[in-house]
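Read off the chains here:
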Amino acid sequence: MNIQLPFIVVLAIVAWLIVRHLRLRWWAVAALVLLGFYLADTSAAPLIDNTTHDGVSVINKTSNK
């Protein structure tokens, strides 16, 4: 049985768990979100995107075996 979730949903669940269990302050979360937005405009964005896609494909390949 395969379950397909958008990657943003997985990230949102992980972020919620981190905020909930590590008791991060709201300003730290806001700073990390802003960092993500600013990082998306840099030259590192394609590298991060490709690495994320490669990591997801590796996980998908190992779960299909």
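Please read these numbers as outputs of a predicted model, since none were measured by experiment.

Caption draft 1: Summary view of unusual backbone geometry. The backbone of R23 shows a phi angle near 55°, a positive value even though the residue is not glycine. For R23, the position within the fold is in the loop between α1 (7–22) and α2 (26–40). The exposed category is assigned to R23, whose relative accessible area is 67%.

Caption draft 2: Fine view of α1. Across its 16 residues, α1 extends 22 Å between first and last C-alpha, which sits within 8% of the 22 Å expected from 1.5 Å per residue. Immediately beyond the C-terminal end of α1, within one or two residues, lies R23, with a positive phi of roughly 55°.

Caption draft 3: Region of interest: the layout of surface pockets. Its boundaries defined by the atoms lining it, the largest pocket holds a volume of some 540 Å³. Around the largest pocket, the lining is made up of 17 residues, and of these F7, I8, L11, I48 and T52 lie nearest the centre. When residues of the lining of the largest pocket are traced back to their parent elements, those giving at least two are α1, α2 and α3 (45–63). In terms of residue class, the lining of the largest pocket is made up of 13 nonpolar, 3 polar and 1 charged.

Here is what the cut-offs are and how they apply
- Residues numbered from 1 in each chain as written.
- Predicted model: local features only at pLDDT ≥ 70, side-chain atom pairs only at ≥ 80, totals over all residues.
- Heavy atoms only, no water.
- Helix = DSSP H or I, 4+ residues; strand = E, 2+ residues; numbered from the N terminus.
- Buried < 20%, exposed > 50% of the residue type's maximum accessible area, 1.4 Å probe, protein only.
- Expected span 1.5 Å × (residues − 1).
- 1 Å grid on protein atoms, 1.4 Å probe; cavity = no way out; pocket = protein on both sides within 12 Å on 5 of 7 lines; lining within 4 Å.
- Points joined across faces, edges and corners; volume = space filled by probe spheres on them.
- Nonpolar A, V, L, I, M, F, W, Y, C, P; charged D, E, K, R; others polar.

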